[in-house]
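Observations on the model geometry
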Amino acid sequence: MALDLIALLPEPWQAVLTPFLDRDRVAELGRFVEREYAEQTVYPPVDDLFAAYRLCAPDDVRVLLLGQDPYHGPNQAHGLCFSVREGNRVPPSLRNVFKEMAADVGTEMPKSGELTAWGQQGILLLNSVLTVRGGKPGSHANKGWEEFTDATIRAVNTLDHRVVYLLWGSYARKKAALVTNPEHVVLEAGHPSPMNPRGFLGSRPFSATNKALTDAGLPEITWELTA
């Protein structure tokens, strides 16, 4: 028996994603994921696998922020890109995100890297690959997750209301080709990693996102994280 990934999704996402998914490929991915959880240390916990989808129903998506794969250390990943569980140190890339956020829209530097509050406002915090072996970044790349999450991007592309896509870094920026709906806005920048000192800091994505939303008659995102 394979892990039934489609059945684990919230029902609204099942409905919008199914037309974009190859069920045989999803079943193959489900077998791989089930085996990995059984035999390896895998993050995030299976209960958090689709946390981003649970926080943000399709009709509520206003922003799609794309990461690459989950954090690979203990008790960090919880199903939201860039986010770490409460009690962890803020990772370097996320610290740069917060630094740019403070410079762009005047927020305080958050003490926590927990981004659930963003997901609750309609930001789909999506990684391109949704699982990883402990201590082995990129270990679940090219196993089928990319097709699954590309289907998510394509499904969001069909929404009638504006969605702002935040694509940071060369990996994420390749997904811009999947966004064809003229209603949507794609904001690209370099990756926020400290290893990439240019291209993200100074890009002002937070104010640009809010302008794109208000131009379409949608409410702004409250970026401030109080935790």
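Residues numbered from 1 in each chain as written. Predicted model: local features only at pLDDT ≥ 70, side-chain atom pairs only at ≥ 80, totals over all residues. Heavy atoms only, no water.

For the rest of this paragraph, the subject is the pairing of strand 3 (residues 123-127). The element strand 3 is largely enclosed, with a buried count of 5 among its 5 residues. Alternating residues of strand 3 divide into I123, L125 and N127 and L124 and L126, and every residue in both groups is buried. Examined bridge by bridge, strand 2 (residues 63-67) and strand 3 share 5 bridges and lie parallel to one another. Bridge assignment links L65 to a residue of strand 3, and that residue is L125. (Buried < 20%, exposed > 50% of the residue type's maximum accessible area, 1.4 Å probe, protein only. Helix = DSSP H or I, 4+ residues; strand = E, 2+ residues; numbered from the N terminus. Pairing = 2+ DSSP bridges.)

Another point: the sheet that holds strand 6 (residues 185-189). Sheet strands pair via backbone hydrogen bonds, and the direction of the pair is either parallel or antiparallel. Ordered in space as 3-2-5-6, the 4 strands form an open sheet in which the pairing is parallel. Each of the sheet's edge strands pairs with one partner strand only, and the pair in question is strand 3 and strand 6. Strand-to-strand twist across the sheet, computed as the mean angle between neighbouring axes with direction ignored, equals 20°. In this fold helix 7 (residues 145-157) packs onto strand 2, strand 3 and strand 5 (164-168), with an angle of close to 155° to the strand it touches most, strand 3. In the packing of helix 9 (residues 205-215) onto the sheet, contacts are made with strand 2, strand 5 and strand 6, and the angle to strand 5 comes to roughly 160°. (Axes fitted to C-alpha atoms, helices over the stretch in contact; angles between N-to-C directions. Contact = heavy atoms within 4.5 Å.)

This part covers the pattern of salt bridges. Scanning the entire structure with this criterion turns up 10 salt bridges. For R25, the salt bridge goes to E147, with nearest N and O atoms at 2.4 Å. Within this pair, whereas R25 is found in helix 3 (residues 23-39), its partner E147 is found in helix 7, the two being separated by 122 residues in sequence. The closest approach of N and O atoms between D48 and R54, which form a salt bridge, is 4.0 Å. For D48, a relative accessible area of 15% translates into the label buried. The structure contains a network of salt bridges with shared partners spanning R25, E28 and E147. (Salt bridge = Lys/Arg side-chain N within 4 Å of Asp/Glu carboxyl O.)

This brings us to the pairing of strand 6. The side-chain alternation of strand 6 yields one buried face, formed by V185, L187 and A189, and one unburied face, formed by V186 and E188. Bridge count for strand 5 against strand 6 is 5 bridges, and the pairing is parallel. Residue pairing across strands places V164 opposite V185, the latter belonging to strand 6.

Time to look at the environment of V185. Within the fold, V185 resides in strand 6. Leaving out residues up to four positions away in the same chain, V185 has contacts with R162, V163, V164, Y165 and A212.

As a further point, take the packing of helix 3 against helix 7. For any two helices packed against each other, one specifies the inter-axial angle together with the distance between the axes. The N-to-C vectors of helix 3 and helix 7 enclose an angle of 125°; their axes lie 9 Å apart at closest approach. Our classification of the angle between helix 3 and helix 7 gives oblique. Where helix 3 crosses over helix 7, the handedness of that crossing is left-handed. Between helix 3, through R25, V26, L29 and V33, and helix 7, the contact on the second element is made entirely by W145, E147 and F148. Class assignment of the residues belonging to the contact of helix 3 with helix 7 gives a composition of 5 nonpolar, no polar and 2 charged. (Parallel < 35°, antiparallel > 145°, perpendicular 65-115°, else oblique. Left-handed = near helix turned anticlockwise from the far one by under 90°. Nonpolar A, V, L, I, M, F, W, Y, C, P; charged D, E, K, R; others polar.)

Looking now at the packing of helix 5 (residues 92-105) against helix 9. Relative to each other, helix 5 and helix 9 sit at 60°, their axes nearing to 7 Å. When the interaxial angle is binned, helix 5 and helix 9 end up oblique. Counting all contacts with helix 5, which are made through V97, E100, M101, D104 and V105, the residues of helix 9 involved are P205, F206 and S207. Here the residues of the contact of helix 5 with helix 9 sort into 5 nonpolar, 1 polar and 2 charged.

The feature "active site" (unreviewed entry), as annotated in UniProt, sits at D69 in this numbering. As for its placement among the helices and strands, D69 is situated in the loop between strand 2 and helix 5. For D69, a relative accessible area of 23% corresponds to the partly exposed category. The contact partners of D69, leaving out residues within four places of it in the chain, are N127, V129, V132, P137 and G138. (UniProt positions renumbered as here; feature names shortened; annotations may be inferred.)

Taken as a whole and judged by the stated rule, the model has 11 aromatic pairs. Their ring planes at 65° and their centres at 5.7 Å tell us that F82 and W168 sit as a pair that is edge-to-face. One end of the pair, F82, is in the loop between strand 2 and helix 5; the other, W168, is in strand 5, and 86 residues separate them in sequence. For F82, a relative accessible area of 10% corresponds to the buried category. Summarising the aromatic geometry, the rings of W168 and F206 are spaced 6.3 Å apart at their centres and angled 70° between planes, so their arrangement reads as edge-to-face. Separated by 38 residues along the polypeptide, W168 in strand 5 and F206 in helix 9 bring together distant segments of the chain. (Phe/Tyr/Trp six-rings, centres within 6.5 Å; stacked < 30°, edge-to-face > 60°.)

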